[in-house]
Amino acid sequence: MQLLLIDEAKNMLLHPSKSIAEVAYELGFEYPHYFSRLFKKKEGISPTAYREKFSVN
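Since this is a predicted model, take the numbers as computed values, not measurements. (Residues numbered from 1 in each chain as written. Predicted model: local features only at pLDDT ≥ 70, side-chain atom pairs only at ≥ 80, totals over all residues. Heavy atoms only, no water.)

A. Inspection of the packing of helix α1 (residues 2–13) against helix α4 (residues 47–54) at higher detail. Taken N-terminus to C-terminus, the directions of α1 and α4 make an angle of 50°; their axes are 9 Å apart at the nearest point. By the angle class used here, α1 and α4 are oblique. The handedness of the crossing between α1 and α4 comes out as right-handed. Contact with α1, carried on its side by K10, M12 and L13, involves P47, Y50 and R51 of α4 and no other residues of that element. A per-class count over the contact of α1 with α4 returns four nonpolar, no polar and two charged. (Axes fitted to C-alpha atoms, helices over the stretch in contact; angles between N-to-C directions. Helix = DSSP H or I, 4+ residues; strand = E, 2+ residues; numbered from the N terminus. Parallel < 35°, antiparallel > 145°, perpendicular 65-115°, else oblique. Left-handed = near helix turned anticlockwise from the far one by under 90°. Contact = heavy atoms within 4.5 Å. Nonpolar A, V, L, I, M, F, W, Y, C, P; charged D, E, K, R; others polar.)

B. Quick peek at the pattern of salt bridges. Enumeration according to the criterion identifies three salt bridges in this entry. The closest approach of N and O atoms between K10 and E43, which form a salt bridge, is 3.5 Å. Of this pair, K10 sits in helix α1 while E43 sits in helix α3 (residues 32–43), and the two are 33 residues apart along the sequence. Of the residues examined, E43 reaches a relative accessible area of 30% and is grouped as partly exposed. For E26, the salt bridge identified is with K18, shortest N-O distance 2.8 Å. With a relative accessible area of 49%, E26 lands in the partly exposed category. One network of salt bridges, with partners in common, ties together D7, K10 and E43. (Salt bridge = Lys/Arg side-chain N within 4 Å of Asp/Glu carboxyl O. Buried < 20%, exposed > 50% of the residue type's maximum accessible area, 1.4 Å probe, protein only.)

C. Just α4, in detail. For α4, the set of buried residues is P47, Y50 and R51. Angular distribution of buried residues about the axis of α4 spans 100°; they occupy a single face of the element. Opposite the buried face of α4, by more than 90 degrees, sit the exposed residues E52 and K53. For α4, the secondary structure elements touched by its buried residues are α1, α2 (20–26) and α3. (Arc of directions from axis to C-beta.)

Take it as geometry only, folks, not as evidence of what the structure does.
Structural data, given as structure tokens:
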């Protein structure tokens, strides 16, 4: 279940119109910092770093 959420989060993070908190809330997390912690645990980098690394501006 968490891996599906992380995959969805990775897709959402590539669209910089949404904040990290908005992504977290849309995925059902009550607290954005919990989402960030889980993302970093699973991916090895923070959501912000992931967005900076992979976004196409």
